[in-house]
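What follows is the residue order along each chain.
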Amino acid sequence: MKLNLILHAAFWSAAFVLPVAAESESLHCARGSALFAAADSPDYRKYAPSREIDILHLTLDVTPDFKARTISGKAVLRFKPIARPLDELKLDGVALRVRTVTATEKILGWQATDKQVIVTFDKPIPPDREASVTIDYSAEPKQGVYFRTPEMGYKPEDTHLWTQGEPLEARHWFPGFDAPNEKFTSEIICRVPEGMTVLANGRRMGEEKDTSTGLVAVRWLQDKPHVNYLIAPVAGYVKGIEDRHRDVPLAFYTPASQIAEAKNSFKETREIMEFFEKEIGVPFPWAKYYQVVVDDFTWGGMENTSLTVLTDRTLHRDESEQLGSSRGLVAHEMAHQWFGDFVTCKDWSHLWLNEGFATYYDHLYEGHKEGRDELLYGMYQSAKGFINVPNDTNAIVRRDFNNPEEQFGFHAYPKGAWVLHMLRSELGDELFRRCVKTYLERHAFGVATTDDFSKVFEELSGRSFDQFFDQYVYHAHHPEMGVTYSWDERAKLAKLSIAQNQRLSDDVLLFSVPLTVRFQGKSGRVDRQVRVKEKAEDFYFPLPEAPEVVRLDPELALLARISFAPPTPMLFKQLADKKDMIGRLVAVEQLSGKKEALEKLKETLNNDAYWGVRSATSRAIRAVGTEDALQALVTSVKQPDARVRRQVVLDIAGFYRETSRDALLKLARDDKNPEIRSTAIGVLGAHHTPEVRDELLKFLRSDSYRASMADGALTAIRAQDDAGFIAPLLETLREKEANWPTPVFVRGLETLAWLARSEEKKESAREFLVARVNSAKNRVQRAALAGLGTLGDPKAIGVLEQFASLPKENPERDVAEKSLVALRDAKKPGAELGSIRGDLLKLQRENQELRKEFDDLKKKLEAAGKTATEKPTAKATKR
Ligand SMILES: [Zn+2]
């Protein structure tokens, strides 16, 4: 699964970010069952549950009720007891309303608890005897199944439902063995009104009209074994476009009204599959590959076997250039069809076997498509996202998590990818490929652990990887190397002193790793490999002459945080090396903020061959912080690559000057790319002039694809913190509620509450928020509840108290409680929090006033410097 993309934030890398308030978050804790007790109870280390039965096949016959947002279902589970006679079958099933249970064996009785369905047989079923149970039930699922209907505020012509199983959601809509260490074939029969489409795992087996209900029963069969969490129907008014790779049908579906954008997201699918088949060496394992975009998905994407579900945020138009690309998401989810689906991690502690692979193969595809630098840049950026997290004591494989969702973090994703990258760098492409292929074939349609994986590498390479896995996978963190360099001219010796500075503990080891050192001189280059294994050690290298460049880990093959600051002349040489992209990138970052490097940086920003280097250079120039630096950015704004252009926009915004404001306004109005325009609008918040204000209102009210312009305006309006925006914002929110995508509307609610929080009169904002606390759009509901806390109107206490008294499984309760705390603290004038809040508001106001004064002063100075015939620029208005 891929975490949701937040386009403007770079948390781990461009591609990885925190899940946005997922509809499912924080719901999984402490859900235990006998089958899964060890795995999701907070009190114990987590292990795969025991399997008492071998499940052979699951048939799910479901009828969704789109109006009531409920489902009615019949689950038939065919199985054999494994080794012991089975007298009781316990299945995971949360809040299922079971009507009847029947079986091929005589049943003594059955019970449905909040978390389980338990069937007691009259006589124990002997091992290896095939039996089946049929459970007839209905559910109003809070998770697992998500409706998108007109009653909830979605377009009627786009009505649909989607499902999400990983990690523990499937049990909310059907009974089963809800853990990854059991595989079985499955079929889904879904009964929908005529005109709707049903998509599901495997092969479509046909449809049949039920004359008694008028519904159409569409049947899909997954005839290859897969895991419970990958079972997924999607049903509703969706449209699709098709393609084919070999004999594998490919398709891309969206909610009906959004089909025009499908082609952009779909276009590389075939090419990615061709590449993966070649790179992995195992043919695509499933009957077809469909991708379906759904409204307000809780993650970025989910790799259900042969039916990947994607967020609607990936849809984009041509004019968004590289900023809208679906490539990374499409590649990530498709890689899972092998890594995660064909071979699945045995339990959540080995999640990196799913996510590390999907992340790495996405980077490999980038490298294949754009050249090796793109792969290296991807690895470099992904390392940057977590390498500075200090004293991390969690290993990639760990068992002490409370909730499997905690495992979906940087350890499994980018760090997992780095483990693979190090193995590949060490063994070479060909042997690495052979190992991966063998690993997949050996565990085909089965489950695997980290040991299963490392065993293959040891077997095929003849090498021991015990230490490698011990340090990087079973223990936490990475080497933090502090390196100093000196040259002894008399002895012609280069000296490197290398220390390992990570804090050592039971969780974090002293590492033993190979490090390549490259010396580049007039007469060529020399590579030397050393093994870094001590706490501190000096290394000497005899060389014919003093090197002009010293590079550590030049091929980017080692996961380590290397602190090494060569002298500036060396960095300039490094920056000029056209063949060493990573070297240039490192040099730019070392030169960041140095005035004497500005000319060279400006040249790099406009001429470097690689976009990632240009982007980093923009940041390095911003750090210089002088008027010249701003000029260098403003005159470099015509970047052909939109990713660099956006970075330049963000860096121009780092200067609080008129030049900066004018450049941003121009970009906001004129750039051809709506994403760039939206970014430029978003960073205008610091500038309180009538011109900016008018522009923000214009963008707020404007119509644009997925409301990206309005979204940018909301960011800036929040930063302006000016009560004058409340009325126009309210009016716009009322008008656009039905059209804006949920995340934009949510941002609107947050902004409204924020702006109105220090006003005397809060009624209109409060009423608007209160009217949405029962919204069927989960995220809108929570934003409204949170907004009431921000707003600070005690009249909302009554409403919030109702939500705070809900049972603790309701995530709204948490949000309401937090808001209540904020309100009560604000009411107590002497309370510490209240006073801190007051101080903060005061500081913010003072800061704004200072800015305005500064602005005025600057204008006066400028006006004084001009001739009498010139008109002074307009004064900032006071409000
Ligand atoms: Zn994933």
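This paragraph deals with the environment of Ser615. In this structure, Ser615 sits in helix α14 (residues 611–624). Using a relative accessible area of 4% as the deciding quantity, one classes Ser615 as buried. Among all residues touching Ser615, those that are not within four sequence positions of it are Arg643, Val644 and Gln647.

Turning our eyes to something else, we now look at the pattern of salt bridges. Considering all chains together, one arrives at 65 salt bridges under this definition. In this structure, Arg424 and Glu279 form a salt bridge, with 3.2 Å as the shortest nitrogen-oxygen distance. In this pair, Arg424 is assigned in helix α7 (residues 411–427) and Glu279 in helix α3 (residues 269–280), connecting sequence segments 145 residues apart. On the basis of relative accessible area, Arg424 is assigned to the buried category, the value being 8%. Take Glu279: its relative accessible area is 6%, and that puts it in the buried class. Its salt-bridge partner being Glu658, residue Arg661 comes within 3.9 Å of it at the nearest N-O pair. With Arg661 and Glu658 both in helix α17 (residues 658–670) and three residues apart, this pair spans about one turn of that helix. In this structure Arg661 comes out as buried when scored by relative accessible area, which is 8%.

Turning to helix α13 (residues 598–607), a few remarks are in order. Taken as a whole, α13 has its buried residues at Leu598, Leu601, Thr604 and Leu605. The arc that holds the buried residues of α13, viewed along the axis, is 120°, so those residues lie on one side. Facing away from the buried surface of α13 by more than 90 degrees, the exposed residues are Glu599, Glu603 and Asn607. Packing partners of the buried residues in α13 comprise α11 (568–575), α12 (581–591), α14, α15 (627–634) and α16 (642–652).

The next point concerns the coordination of the zinc ion. Tetrahedral metal sites with four donors have an ideal angle of 109.5 degrees; octahedral sites with six donors have ideal angles of 90 or 180 degrees. With distances of 2.0 to 2.5 Å, the protein atoms coordinating the zinc ion are Met1 (N), Met1 (O), His332 (NE2), His336 (NE2) and Glu355 (OE). Look at where the donors of the zinc ion fall in the sequence and you get M-x330-H-x3-H-x18-E. Of this pair, His332 sits in helix α4 (residues 327–336) while Glu355 sits in helix α5 (residues 352–370), and the two are 23 residues apart along the sequence. Given a relative accessible area of 0%, His332 falls into the buried group. By relative accessible area, Glu355 is classed as buried at 0%.

Turning our attention to the sheet that holds strand β11 (residues 197–199). Sheet architecture is open: four strands sit in the order β8-β9-β14-β11, paired in antiparallel fashion. The open sheet terminates on both sides in strands that have one partner only, identified here as β8 (145–148) and β11. Going from strand to strand, the sheet's axes swing by 10° on average, the running direction of each strand aside. Across four bridges, the pairing between β8 and strand β9 (residues 160–163) is antiparallel. Pairing of Val145 across the sheet is with Thr163, part of β9.

Relative to the helices and strands, Asp392 resides in the loop between α6 (372–387) and α7. Excluding residues that lie within four positions of it along the chain, Asp392 makes contacts with Phe410, His411, Ala476, His477 and Val508. A distance of 2.6 Å separates a polar atom in the side chain of Asp392 from a polar atom in the side chain of His411.

Attention shifts here to the packing of helix α19 (residues 690–701) against helix α20 (residues 708–720). Contact geometry for α19 and α20: axes closest at 8 Å, N-to-C directions at 140°. Classified by the angle their axes make, α19 and α20 are oblique. The chirality of how α19 crosses α20 is left-handed. Contacts between α19 and α20 involve Val692, Leu696, Phe699 and Leu700 from the former and Met709, Ala710, Ala713, Leu714, Ala716, Ile717 and Gln720 from the latter. Looking at side-chain class alone, the contact of α19 with α20 contains ten nonpolar, one polar and no charged residues.

Among the eleven residues in α16, nine count as buried, and that is most of the element. One side-chain oxygen at the N-terminal end of α16 lies 2.8 Å from the backbone nitrogen of Arg643; it belongs to Asp641.

Moving on, we come to the sheet that holds strand β4 (residues 97–103). Spatially, the seven strands line up as an open sheet ordered β4-β7-β2-β1-β10-β13-β12, and their pairing is mixed. The sheet is open, and its two edges are formed by β4 and β12 (203–209), each paired on a single side. The mean inter-strand angle of the sheet, taken between neighbouring strand axes irrespective of direction, is 15°. Two strands pair when backbone bridges link them, and β12 and strand β13 (residues 216–227) are joined in this way by six bridges, in the antiparallel orientation. Bridge pairing in β13 places Glu207 opposite Val218.

Following Glu166, the chain continues to Pro167 via a peptide bond in cis, the omega torsion being -10°. Relative to the helices and strands, Pro167 is located in the loop between β9 and β10 (183–192). Although it is not a glycine, Lys492 sits at a positive phi angle of roughly 50°. Checked against the element boundaries, Lys492 lands in the loop between β22 (480–488) and β23 (493–500). Although it is not a glycine, Arg706 sits at a positive phi angle of roughly 55°. Mapped onto the elements of the fold, Arg706 is located in the loop between α19 and α20.

Attention shifts here to the packing of aromatic side chains. Counted according to the given criterion, the structure contains 40 aromatic pairs. Seen from their ring centres, Trp173 and Phe174 are 4.8 Å apart, and the 85° between their planes marks the pair as edge-to-face. Above the face of the Phe572 ring, Lys600 is positioned so that its terminal group lies 4.6 Å from the ring centre. Across from the ring centre of Phe725, 4.9 Å away, lies the NZ or CZ of Arg693, which sits over that ring.

Cut-offs used in this document
- Throughout this document, residue positions are counted from 1 along each chain, in the order its sequence is written.
- Note on the predicted model: pLDDT of at least 70 is required for a residue's local features to be given, and 80 or more for side-chain atom pairs to be given and counted; whole-chain, interface and lining totals, by contrast, use all residues.
- Only hydrogens and water are set aside when side-chain values are computed; all heavy atoms of the structure are taken into account.
- Here a helix means four or more residues in a row that DSSP labels H or I, a strand means two or more in a row labelled E, and each is numbered from the N terminus.
- Using a 1.4 Å probe on the protein chains alone, a residue whose accessible area is under 20% of its type maximum counts as buried, one over 50% counts as exposed, and one in between counts as partly exposed.
- Two residues qualify as a contact provided that any one of their heavy atoms is within 4.5 Å of a heavy atom in the partner residue.
- We define a salt bridge as a contact between a side-chain nitrogen of Lys or Arg and a carboxyl oxygen of Asp or Glu at a distance within 4 Å.
- Of all possible arcs, the one meant is that of the directions from the helix axis to the C-beta atoms.
- The donor set comprises N, O and S atoms within 2.8 Å of the metal, extended to 3.2 Å for Na, K and Ca; water molecules are omitted, so apparent gaps in a site may simply reflect that omission.
- In this scheme, strands are said to pair when DSSP sees at least two bridges between them.
- Only the stretch in contact is used when fitting a helix axis, every axis being a line fitted to C-alpha atoms; angles between N-to-C directions are given from 0 to 180 degrees.
- Definition of a polar contact: a pair of N or O atoms within 3.5 Å, with one able to donate and the other able to accept a hydrogen when the atoms are protein atoms, and with sequence-neighbouring residues admitted only if both atoms are side-chain atoms.
- Any angle between 65 and 115 degrees counts as roughly perpendicular, while under 35 counts as roughly parallel, over 145 as roughly antiparallel, and the rest as oblique.
- Whether a crossing is left-handed or right-handed is set by the direction in which the near helix is turned from the far one by less than a right angle, anticlockwise for left-handed and clockwise for right-handed.
- In this classification, Asp, Glu, Lys and Arg are treated as charged, Ala, Val, Leu, Ile, Met, Phe, Trp, Tyr, Cys and Pro as nonpolar, and every other residue, Gly included, as polar.
- Here a Phe, Tyr or Trp ring, Trp counted by its six-membered ring, pairs with any other such ring whose centre lies within 6.5 Å, and the pair is stacked when the planes are under 30 degrees apart, edge-to-face when over 60, and tilted otherwise.
- Only when the NZ of Lys or the CZ of Arg is both within 6 Å of the ring centre and within 35 degrees of the ring normal is a charge said to sit over the ring.

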